[in-house]
2 protein chains.
Amino acid sequence: MINYANGKNFQKNLKIPSKSPVKPKSFSHGNRGMAFENDINETNDYYRNQGLCLVTKRPTPINVVSVDYSSGPIITNAYFEKQSTTDYNGVYNGRYLDFEAKSTKKKTSFPLANISKHQIEHLKQVIKHKGIAFFIIEFSELDEVYFLDAQYVINFYENGDRKSIPYNTIKDVGKRIKKAFIPRLDYLPIIQEITEKS
Amino acid sequence: MINYANGKNFQKNLKIPSKSPVKPKSFSHGNRGMAFENDINETNDYYRNQGLCLVTKRPTPINVVSVDYSSGPIITNAYFEKQSTTDYNGVYNGRYLDFEAKSTKKKTSFPLANISKHQIEHLKQVIKHKGIAFFIIEFSELDEVYFLDAQYVINFYENGDRKSIPYNTIKDVGKRIKKAFIPRLDYLPIIQEITEKS
């Protein structure tokens, strides 16, 4: 048990870049993203412990190049890959949930640059199969977090001339998620509202 | 685009051990498991392309020990971890699906040894939240594949004195999935039957 706990904390503290390759100069950016990600993870832990819903984070995909089997399999060469789906999915009352959490430093818009075409395709498929697809977007400098239906992001991505979604649009069509102590980012009431309607 | 395609094929051909550490001596075992896993993956690709349902495989969790940032992030030391959830989840008609695919060489029973307590806990949570939880079990020597409701496995795991589920029980309470050319393992009709009832 002690080994397991240590291993878990060790991995938690390692700050593995969960998105695109992180260069040393952008390390503070990575840390900020990690704080937001930790808030999401802690919220999901809370939901699971309270029996409210079950949301899991997909592991970071890693492309393994070489493995040394001489003393058990040790990976000696590998690199991080971009997630081709989203980071989170799960179940609430039988319904499928799927979302991506993104943080931006910008104050006036949410840039679409770090959303891949594969992720957009994935979210379109989720919607097609009647899953609940959304984004949780943090404006870190404003300390504001929003729940945004994935359909808005898809529309902007595919039809918009802009390479970002204006902050005011997100404020208008999204739903604010207020930060709190426990749970950190209480997004479930929004899901409950959506599922009651449909 | 060419680089991406190459990278993708490279990873596909690499045969990364997706479960517990694979030692060289059990390599043929790993290959057999991979063939079954490939059948599941191809079936899921077929379902996605036909717009029937969306099931994704969780990446193999890897614990990263050290990263060399000198020429972009290259992982220089890491090891495979056991999946604490299941390998597959997805959505069919809004409903959440979650399953584990396991292959056994045994002819008379399915051993529970390679199912972790974390996976059992995860599947119990899925059922609690009204998700559809199941196993796809291959008896490789018999060339037979069965769909088995996760609740049976949970019951055997928690209450049974046996460390395996008899083949005859699986044949009795499970549903046979016949192998075919396309899709390889057509499990979706069973899901459709379940969701129509509930």
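Calculation notes
- Residues numbered from 1 in each chain as written.
- Chains lettered and ligands numbered in written order.
- Predicted model: local features only at pLDDT ≥ 70, side-chain atom pairs only at ≥ 80, totals over all residues.
- Heavy atoms only, no water.
- Helix = DSSP H or I, 4+ residues; strand = E, 2+ residues; numbered from the N terminus.
- Contact = heavy atoms within 4.5 Å.
- Areas by Shrake-Rupley, 256 points an atom, 1.4 Å probe, with all protein chains shown as cover.
- Core = buried A, V, L, I, M, F, W, Y, C linked by side-chain atoms within 4.5 Å.
- Buried < 20%, exposed > 50% of the residue type's maximum accessible area, 1.4 Å probe, protein only.
- Pairing = 2+ DSSP bridges.
- Axes fitted to C-alpha atoms, helices over the stretch in contact; angles between N-to-C directions.
- Parallel < 35°, antiparallel > 145°, perpendicular 65-115°, else oblique.
- Left-handed = near helix turned anticlockwise from the far one by under 90°.
- Nonpolar A, V, L, I, M, F, W, Y, C, P; charged D, E, K, R; others polar.
- Salt bridge = Lys/Arg side-chain N within 4 Å of Asp/Glu carboxyl O.
- Least-squares fit on C-alpha atoms with pLDDT ≥ 70 in both.
- Buried area = accessible area lost by both parts, 1.4 Å probe.
- Polar contact = N/O pair within 3.5 Å; in protein donor to acceptor, adjacent residues only side chain to side chain.
- Phe/Tyr/Trp six-rings, centres within 6.5 Å; stacked < 30°, edge-to-face > 60°.
- Lys NZ or Arg CZ within 6 Å of the ring centre and 35° of its normal.

Visitor: What is the right way to read the overall build of chain A from this model?
Guide: Per the secondary structure count, chain A includes 6 helices and 10 strands. Look at the contacts in chain A between residues 6 or more apart in sequence, and 65% of them connect residues 24 or more apart. Counting only carbon and sulfur atoms, one obtains 50% of the accessible surface of chain A, whose full area is about 10000 Å².

Visitor: Quick question: what am I supposed to make of the nonpolar core here?
Guide: A general feature of soluble globular proteins is that nonpolar side chains tend to end up buried together. Core analysis: the largest hydrophobic core is formed by 42 residues, its most contacted members being Phe110, Val153 and Ile170 of chain A together with Phe110, Val153 and Ile170 of chain B. Sequence-distant contacts of Val153 of chain B, that is, excluding residues within four places in its chain, are made with Leu112, Ile115, Ile120, Phe135, Leu148 and Ile165 of chain B.

Visitor: Sorry if this is basic, but what is going on with the sheet that holds strand β3 (residues 74–80) of chain B here?
Guide: Strands belonging to one sheet form pairs held by backbone hydrogen bonds; the direction of such a pair is parallel or antiparallel. An order of β2(A)-β3(A)-β3(B)-β2(B) is seen for the 4 strands of this open sheet, with the pairing classed as antiparallel. The open sheet has two free edges, formed respectively by β2 (62–68) of chain A together with β2 (62–68) of chain B, since each of these has just one partner strand. The sheet shows a mean angle of 35° between the axes of neighbouring strands, taken without regard to direction. With 6 bridges connecting them, β2 of chain A and strand β3 (residues 74–80) of chain A associate as antiparallel partners. Across the sheet, Val64 of chain A pairs through a bridge with Ala78 of chain A, a residue of β3 of chain A.

Visitor: I'm lost on the packing of helix α3 (residues 117–128) of chain B against helix α4 (residues 150–159) of chain B in this one. Help?
Guide: Packed helix pairs are specified by the crossing angle of their axes together with the interaxial distance, meaning the distance between the axes. Residues and elements named next belong to chain B. Their axes nearest at 10 Å, the elements α3 and α4 cross at an angle of 135°. Considered as vectors, α3 and α4 are oriented oblique to each other. Both α3 and α4 take part in a crossing whose hand is left-handed. Here Lys117, Ile120, Glu121, Leu123, Lys124 and Ile127 of α3 lie close against α4, whose contacting residues are Ala150, Gln151, Val153, Ile154, Tyr157 and Glu158. In the contact of α3 with α4, the residues fall into 7 nonpolar, 1 polar and 4 charged.

Visitor: Mind showing me how you'd approach the pattern of salt bridges here?
Guide: Opposite charge on two side chains permits them to pair, given that their charged atoms come into close proximity. With the rule as written, the count across this model stands at 24 salt bridges over all chains. For Asp45 of chain B, the salt bridge is made with Arg48 of chain B, and the minimal N-O distance between the two is 3.4 Å. One end of the pair is Asp45 of chain B and the other is Arg48 of chain B, both in helix α2 (residues 27–49) and 3 residues apart, which spans about a single turn. Judged by relative accessible area, which is 31%, Arg48 of chain B ranks as partly exposed. A salt bridge links Glu121 of chain B to Lys124 of chain B; the nearest nitrogen and oxygen atoms lie 4.0 Å apart. Of the two residues, Glu121 of chain B and Lys124 of chain B both sit in helix α3, 3 residues apart, roughly one turn of that helix. Within this structure, Lys117, Glu121, Lys124 and Glu158 of chain A form a network of salt bridges that share partners.

Visitor: Where do I start with the environment of Val173 of chain B in this structure?
Guide: Residue and element names in this part refer to chain B. As for its placement among the helices and strands, Val173 is situated in helix α5 (residues 167–173). On the basis of relative accessibility, which here comes to 31%, the residue Val173 falls in the partly exposed class. The sequence separation of Val173 and Arg162 amounts to 11 residues, and the corresponding C-alpha distance is 17 Å. Excluding residues within four positions of it along the chain, Val173 makes contact with Leu148 and Tyr152.

Visitor: What is the right way to read the relation of the copies chain B and chain A from this model?
Guide: The operation relating the two chain copies consists of a rotation about an axis and a shift along that axis. In screw terms, the move from chain B to chain A is a rotation of 180° and a rise of 0.0 Å along the axis, fitting with an RMSD of 0.0 Å. What we have between these two chains is a two-fold relation.

Visitor: Any chance you could explain the interface of chain B and chain A here in plain terms?
Guide: Often the size quoted for an interface is simply the accessible area lost on bringing the parts together. Of the residues lining the interface, 53 residues belong to chain B; the matching set on chain A comes to 53 residues. Taken together, both faces of the contact between chain B and chain A bury some 4300 Å²; the carbon and sulfur share is 63%. Where chain B touches chain A, the interface holds 0 salt bridges. Counting the contacts that link chain B with chain A gives 11 residue pairs in polar contact (both at pLDDT 80 or more). Elements with a contribution of two residues or more to the side of chain B that touches chain A: α1 (2–14), β1 (54–57), β2, β3, β4 (88–92), β5 (95–104) and α3 of chain B. Sorting elements by how many residues they give to the side of chain B that touches chain A places β3 of chain B first, with 7 residues. Partitioned by chemical class, the residues of the side of chain B that touches chain A number 28 nonpolar, 19 polar and 6 charged. Here β3 of chain A pairs with β3 of chain B via 2 bridges, running antiparallel. Bridge pairing in β3 of chain B places Ala78 of chain A opposite Ile75 of chain B.

Visitor: How do you make sense of the packing of aromatic side chains when you look at a structure like this?
Guide: Between two aromatic rings, the relevant description is the distance of the centres plus the angle of the planes. Tallied over the full model, the rule gives 21 aromatic pairs over all chains. Aromatic side chains Phe99 of chain A and Phe134 of chain A sit 4.7 Å apart centroid to centroid with 15° between the ring planes, which places their arrangement in the stacked category. With Phe99 of chain A in strand β5 (residues 95–104) and Phe134 of chain A in strand β7 (residues 132–139), this residue pair connects regions lying 35 residues apart in the sequence. For the pair formed by Phe99 of chain A and Phe134 of chain A, the shared burial category is buried. One aromatic cluster is present, formed by Tyr46, Tyr47, Tyr88, Phe99, Phe134, Phe147 and Tyr187 of chain A through successive ring pairs. Residue placement shows Lys57 of chain B over the ring face of Tyr88 of chain B; its charged tip is 5.9 Å from the ring centre.

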